[in-house]
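Residue-level listing of the chains:
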Amino acid sequence: MRALLLLLVLGGCTIEPRWEVEPEEPSPDTVALPESASPEEAVATTVEVFREAVRVGDLSLALSLLDRDAILADDLADGNGEGTTRGEVLMELRRRHAAGLRLEAIESQTREVAGGWLVSTRLDILGTDEEGEPTLDGHARESALLAPTDEGWRIVLFHRSRIP
């Protein structure tokens, strides 16, 4: 009887956390762009916001920028194999960022492809040594394919891999 009552109470409620304190680092709430923003600017900004949302741990925002059928593959996430969900990949990336991983965009190109847009970015992978000093741990190439939706641009394919 108790279990049934608990199920009825929890089933009818929406449980959500509420915080009264300001977060340490503000996270982007939306991808608000001026109406004059070109598709090229809009998709580049969407990818930047996605990358930053993962870095600061706003996984809700990061997931909202992915299309519901998006493919996410990232060499920087351990366990990025078959059967790994997008959420698990994002959580692993967040863990790596918390441990000192930093990504710095070196160059980026945006071009229209088949009704969507492709954003290709070359990144430096930065870490920290034992003294907490930044170190260059390699380079990566990131490709994001975005498609227009009623809610704005959404990432349908995101792939990042290490390069020599």
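Everything below is about the structure shown above.
Notes on the structure in this doc start here. (Residues numbered from 1 in each chain as written. Predicted model: local features only at pLDDT ≥ 70, side-chain atom pairs only at ≥ 80, totals over all residues. Heavy atoms only, no water.)

**A few points about the packing of helix H2 (residues 39-56) against helix H4 (residues 86-98)**
It is at 7 Å that the axes of H2 and H4 come closest, and there the two elements cross at 70°. In terms of axis orientation, H2 runs roughly perpendicular to H4. Counted together, Phe50, Val54, Arg55 and Val56 of H2 and Leu90, Leu93, Arg94 and His97 of H4 form the full contact between these two elements. Here the residues of the contact of H2 with H4 are counted per class, giving five nonpolar, one polar and two charged. (Axes fitted to C-alpha atoms, helices over the stretch in contact; angles between N-to-C directions. Helix = DSSP H or I, 4+ residues; strand = E, 2+ residues; numbered from the N terminus. Parallel < 35°, antiparallel > 145°, perpendicular 65-115°, else oblique. Contact = heavy atoms within 4.5 Å. Nonpolar A, V, L, I, M, F, W, Y, C, P; charged D, E, K, R; others polar.)

**Some words on the nonpolar core**
Phe50, Leu66, Leu72, Leu90, Leu93 and Leu146 are the most contacted members of the largest nonpolar core, which totals 31 residues. Where this core is concerned, the elements lending two or more residues are H2, helix H3 (59-64), strand S1 (66-74), H4, strand S3 (116-128), strand S4 (134-149) and strand S5 (152-163). The biggest single contributor to this core is H2, with seven residues. (Core = buried A, V, L, I, M, F, W, Y, C linked by side-chain atoms within 4.5 Å. Buried < 20%, exposed > 50% of the residue type's maximum accessible area, 1.4 Å probe, protein only.)

**Topic: the pairing of strand S2 (residues 102-113)**
Sheet topology note: the S2/S3 ladder contains eleven bridges and is antiparallel. If you follow Glu104 over to S3, its bridge partner there is Asp124. Between S2 and the antiparallel strand that follows it, S3, lie two residues; Ala114 among them carries a positive phi value of about 45°. (Pairing = 2+ DSSP bridges.)

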